[in-house]
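In case you want the letters, here they are:
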Amino acid sequence: MEQPGEIKKVSMAVIKRLPKYYQHLGNLLRDNVERVSSQELSKILGFTASQIRQDLNNFGEFGQQGYGYNVSQLYTEISKILGLNTSHKMVIIGAGNLGQALAKYTGFGIYGFDIIAIFDTNPNLVGREIRDIPIYPVEDMEYFINENDVDIAVLTIPKDKTKKIVKAISKTCIRGIWNFTPVEIKINENIIVENVHLIDSLFTLSYHINEGMLQERLLKQKRKIFPSP
Ligand code: NAI
């Protein structure tokens, strides 16, 4: 049984849906919408209204029967749950193709994720800046992270360099690793690892395309066997 003040354990599936709620509620807030029903959220987000009610009930009683949800209150609560009410300092490790692309993107800052430095081993990159973000030698990484209280390390280094970098990071105040490398990271439990694999998403897209083509083919076959009169 849950004790007062204890954080309720919420399933990963719910956590994964929260960013969608958060972003849509942000749009509603910008359009000065004050309240929204689970049915209205359902039309936009594609989850069923009962799913939405269940999801949001996990975090307290935000909705009122016949009134819907108070957009601003729900937005604030979800931002707290996602830890977006405080800003996070990030560093990117590996200033190659992917590291530079992430550094160039300004969208993370909107949500309080501030990239404050990039680290690399390449002397041709060290000393340069990407969107005013300095690239430092990787030897300075641990000192910089601790001195600047950095929360998140973004890993965009080659596969074979990951183990060594992770070992170095584990001795710092880093609390989370946003891992783009294909390496399965094993680290002490105080550091959370979130893996990002774009290819997984591409495979899902391919699956849906394939599924659509399969349906079309089946439909064509059916029409051949049972031609309409
Ligand atoms: P890249 O070769 O363009 O960049 C790697 C950078 O890391 C280079 O600038 C290199 O000098 C630097 N580097 C090498 N050793 C280092 C070290 N010990 N410390 C700091 N910097 C170091 O490679 P790219 O294309 O940017 O890919 C980077 C990583 O991201 C790879 O592991 C790749 O597999 C992965 N990746 C993952 C994707 C995903 O969806 N998760 C998509 C694309 C790439």
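Shown above is the structure to which this text applies.
Below: a short report on this structure.

1. What to know about the pattern of salt bridges
When the charged atoms of two side chains lie near each other, side chains of opposite charge can form a pair. Here the structure, examined in full by the defined rule, presents 4 salt bridges. Glu194 is the salt-bridge partner of Lys16, the closest N and O atoms lying 3.7 Å from each other. A residue pair is termed long-range when its members are at least 10 positions apart, and Lys16 in helix H1 (residues 12-30) and Glu194 in strand E10 (residues 192-195) qualify at 178 residues. With a relative accessible area of 38%, Glu194 lands in the partly exposed category. Here Lys80 makes a salt bridge to Glu77, at a shortest N to O gap of 3.4 Å. Linking Lys80 with Glu77, this pair stays in helix H4 (residues 71-81), spanning 3 residues, or about one helical turn. Note on Lys80: relative accessible area 44%, which makes it partly exposed.

2. Thoughts on the site of the ligand
In the vicinity of the ligand lie 24 residues, with Leu98, Asp120, Ile157, Val196 and Leu198 positioned nearest. In the environment of the ligand, an oxygen atom lies 3.3 Å from a nitrogen or oxygen atom belonging to the backbone of Gly96. Here an oxygen atom of the ligand sits 2.7 Å away from a polar atom, N or O, in the main chain of Leu198. Computed on the free molecule, the ligand has an accessible area of 860 Å², of which 73% lies beneath the protein chains in the complex. Counting only elements with at least two residues in the shell around the ligand, the list comes to helix H5 (97-104) and strand E5 (113-120). Residue composition of the shell around the ligand, grouped by class: 13 nonpolar, 8 polar and 3 charged.

3. What to know about the side chain of Asp151
Mapped onto the fold, Asp151 is located in the loop between helix H7 (141-147) and strand E8 (152-155). For Asp151, which is buried and forms no salt bridge, the nearest opposite charge comes from Arg175, at a distance of 4.7 Å. If we skip the residues at most four places from it in the chain, Asp151 touches Ser87, His88, Lys89, Ile174, Arg175 and Gly176.

4. A word on unusual backbone geometry
Of note in this structure, Asn32 is not a glycine but carries a positive phi near 60 degrees. When you line up the elements, Asn32 lands in the loop between H1 and strand E1 (35-36). Positive phi, close to 55 degrees, is recorded for Asp149, a residue that is not glycine.

5. Side note on the packing of aromatic side chains
Both the distance between ring centres and the angle between the ring planes are used here to describe each pair of aromatic rings. For the coordinates displayed, the defined rule picks out 9 aromatic pairs. With a centroid separation of 5.5 Å and an interplanar angle of 85 degrees, the aromatic rings of Phe108 and Trp178 are classed as edge-to-face. In this pair, Phe108 is assigned in helix H6 (residues 107-110) and Trp178 in strand E9 (residues 176-179), connecting sequence segments 70 residues apart. For Trp178, a relative accessible area of 23% puts it in the partly exposed group. Between Phe119 and Tyr136 the ring centres are 5.9 Å apart and the planes differ by 45 degrees, which places this aromatic pair in the tilted class. With Phe119 in strand E5 and Tyr136 in strand E7 (residues 133-137), this residue pair connects regions lying 17 residues apart in the sequence. Classification of Tyr136 as partly exposed rests on a relative accessible area of 29%. Taken together, the ring pairs in this structure connect Tyr105, Phe108, Trp178 and Phe180 into an aromatic cluster. The ring centre of Phe47 lies 5.7 Å from the NZ or CZ of Arg17, which sits over that ring.

About the criteria used
- Residues numbered from 1 in each chain as written.
- Predicted model: local features only at pLDDT ≥ 70, side-chain atom pairs only at ≥ 80, totals over all residues.
- Heavy atoms only, no water.
- Salt bridge = Lys/Arg side-chain N within 4 Å of Asp/Glu carboxyl O.
- Helix = DSSP H or I, 4+ residues; strand = E, 2+ residues; numbered from the N terminus.
- Buried < 20%, exposed > 50% of the residue type's maximum accessible area, 1.4 Å probe, protein only.
- Near = heavy atom within 4 Å.
- Polar contact = N/O pair within 3.5 Å; in protein donor to acceptor, adjacent residues only side chain to side chain.
- Areas by Shrake-Rupley, 256 points an atom, 1.4 Å probe, with all protein chains shown as cover.
- Nonpolar A, V, L, I, M, F, W, Y, C, P; charged D, E, K, R; others polar.
- Lys, Arg positive; Asp, Glu negative; His and termini not counted.
- Contact = heavy atoms within 4.5 Å.
- Phe/Tyr/Trp six-rings, centres within 6.5 Å; stacked < 30°, edge-to-face > 60°.
- Lys NZ or Arg CZ within 6 Å of the ring centre and 35° of its normal.

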